[in-house]
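Now for the letters of each chain:
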Amino acid sequence: MNSLDAHGQPDLLFALLPDGGIAPDGPDTLAPLAAALQAQYPSAVTLTLHPPLRDGEGRCRWWAGGAPSPEGVAAALPVLIERLRAEAARLGLPWQRVALAGVGEGALLALEAVQAEAALAGRVLALAGGYLSRPGHAPQDVCVHLVHGLADQRFPSRHVVDAAQALVDLGADVTADLLPHLDHGLHPAMVDKAMEQLRTFIPARLWREALLAAQENERPVS
């Protein structure tokens, strides 16, 4: 976690969720993402939430077994949600100022978390990961950013495209960027694209609020 000065109050929390299957004592695979977020948002706190389980080889897992399953994801979500709410409360941040940024299975868990729990996070960055199943509803007031490699064989990009289209049809705030020649993993180009979307994307609800304000200002004074 990055530190603020003694009088600094964070204005954002980025909770980072790594991919499953990593060694707990190995290199910090999310360090480039955390560094980019801290450079772009110096008043934010970045916090890595590690998978709580260990497999037979001692590697971190979000759920028991291999491939993600409805049962495994359902078992992992309450732990993540409780931790995220506790960290937001500790920092005194409302849920709208909390963001989830996941890679691979961490991205899947982040996406499913805001589907399952309302008022949990205001943004999701899903890098090299997708939904467990096609979303059937849009998370309310959540911006979803999907960044994926076209050569990803672990999470084929066609599923990400299908999920993005479903979210658009449901009225969600969503961006989807497919980057050519990239396989599974956190690539520098993915981090750059995610930072660009965070800088430039304006949620639809803000457009609506601006339109309503403009209409209100145009009304004649009686």
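Look up: the structure comes first, before these words.
Here the structure is a predicted model, which means the values were calculated and not measured.

**Q** I'm lost on the overall build of the chain in this one. Help?
**A** For the chain, the helix and strand inventory stands at six helices and eight strands. Written out in order from the N terminus, the α and β elements of the chain read β-α-β-β-β-α-β-α-β-β-α-β-α-α. At 18 Å, the chain has a C-alpha radius of gyration in line with the 17 Å of a compact globule built from 222 residues. Along the first, second and third principal axes, the C-alpha set of the chain runs to 75 × 45 × 30 Å. Counting the 222 residues in the chain, one finds 47% classified as buried. In the chain, of all internal contacts separated by at least 6 residues, the share reaching a separation of at least 24 is 70%. Total accessible area on the chain stands at roughly 11,200 Å², and carbon and sulfur atoms take up 55% of it. For the chain, the centre of its 16 positive side-chain charges and the centre of its 25 negative side-chain charges are spaced 1 Å apart.

**Q** Mind showing me how you'd approach the packing of helix α1 (residues 31-40) against helix α5 (residues 188-200) here?
**A** To describe two helices that pack against each other, one gives the angle between their axes and the distance between the axes. Viewed as axis vectors pointing N to C, α1 and α5 meet at an angle of 30°, and their least axial separation amounts to 10 Å. One element, α1, and the other, α5, form an angle in the roughly parallel class. Where α1 crosses over α5, the two elements pack in a sense that is right-handed. Contacts between α1 and α5 involve Pro 32, Leu 33, Ala 36, Leu 37 and Gln 40 from the former and Val 191, Met 195, Leu 198 and Arg 199 from the latter. Each residue belonging to the contact of α1 with α5 can be placed in one class, and the counts come to seven nonpolar, one polar and one charged.

Definitions and limits used
By convention here, each chain's residues receive numbers from 1 onward along its written sequence. In view of the model being predicted, local features appear only for residues whose pLDDT reaches at least 70, and side-chain atom pairs are presented and counted only at 80 or more, with totals across whole chains, interfaces and linings using the full set of residues. Values reported for side chains reflect all heavy atoms of the structure, with hydrogen atoms and water molecules removed beforehand. Runs of H or I in DSSP of at least four residues are treated as helices and runs of E of at least two as strands, each being numbered from the N terminus. Our radius of gyration is a C-alpha quantity, and the globule rule it is checked against amounts to 2.2 Å times the number of residues to the power 0.38. Exposure categories follow from relative accessible area, calculated using a 1.4 Å probe and restricted to protein chains: below 20% of the type maximum is buried, above 50% is exposed, and the middle band is partly exposed. By definition in these notes, contact holds between two residues if any of their heavy atoms fall within 4.5 Å. Residue exposure ignores everything except the shown protein chains as possible cover, and the areas themselves are Shrake-Rupley values with a 1.4 Å probe. Charge assignment: positive for Lys and Arg, negative for Asp and Glu; neither His nor the chain ends contribute. Throughout, a charge is located at the NZ atom of Lys, the CZ atom of Arg, the CG atom of Asp or the CD atom of Glu. Only the stretch in contact is used when fitting a helix axis, every axis being a line fitted to C-alpha atoms; angles between N-to-C directions are given from 0 to 180 degrees. Working rule for angles: under 35 degrees goes down as roughly parallel, over 145 as roughly antiparallel, 65 to 115 as roughly perpendicular, anything else as oblique. For any helix crossing, the convention is left-handed if the near helix is rotated counterclockwise from the far helix by under a right angle, and right-handed if that rotation is clockwise. When residues are grouped by polarity, Ala, Val, Leu, Ile, Met, Phe, Trp, Tyr, Cys and Pro land in nonpolar, Asp, Glu, Lys and Arg in charged, and all others, Gly among them, in polar.

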